[in-house]
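# A look at the structure
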Amino acid sequence: MRDAVPEALISEACMRETSAEKGIRLLAKDDPTWRERLEELEKQGKVLRYIAEVRDGGISIAVREIDAVHPFYHLSVPIISLLSILNGMP
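To start, this report covers the structure provided alongside it. Remember, it's a predicted structure, so these values are computed and weren't measured experimentally.

Quick notes on the rules
Residues numbered from 1 in each chain as written. Predicted model: local features only at pLDDT ≥ 70, side-chain atom pairs only at ≥ 80, totals over all residues. Heavy atoms only, no water. Salt bridge = Lys/Arg side-chain N within 4 Å of Asp/Glu carboxyl O. Helix = DSSP H or I, 4+ residues; strand = E, 2+ residues; numbered from the N terminus. Buried < 20%, exposed > 50% of the residue type's maximum accessible area, 1.4 Å probe, protein only. Patch = residues over 30% accessible without salt bridge, like charges linked within 9 Å, V, L, I, M, F, W, Y side chains within 5 Å. Areas by Shrake-Rupley, 256 points an atom, 1.4 Å probe, with all protein chains shown as cover.

Next up on the list: the pattern of salt bridges. On inspection of all chains with the given rule, the structure shows 3 salt bridges. The partner of E21 in a salt bridge is R25, with the nearest N and O atoms 3.0 Å apart. With E21 and R25 both in helix α2 (residues 20-43) and 4 residues apart, the pair spans about one turn of that helix. What makes E21 exposed here is its relative accessible area of 57%. The exposure class of R25 is partly exposed, given its relative accessible area of 46%.

Listed below in structure tokens is the structure:
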């Protein structure tokens, strides 16, 4: 199985920043983008979930847009779940 490389939720600049104060300022710059994305998803009846997926011998970990029919839609706590093609989940 290949190593998993998660999709980053923060910018490269923020990840490289060594000063906590500057890092917080960089995080704040991304807020409007995330807010807009969440508002648009809400209009579509969708939410974001950070999901790990096992497929073809590899692991992907990324933010996924999911709708109300997905079993993770109503989760309200952070969770990393492994989905496998073998168990038939989307």
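Together, L9, I10, M15, I24 and L27 line one region of the surface with nonpolar side chains, adding up to about 410 Å² of accessible area. Along the polypeptide, I10 turns up in the loop between β1 (5-6) and α1 (12-16).

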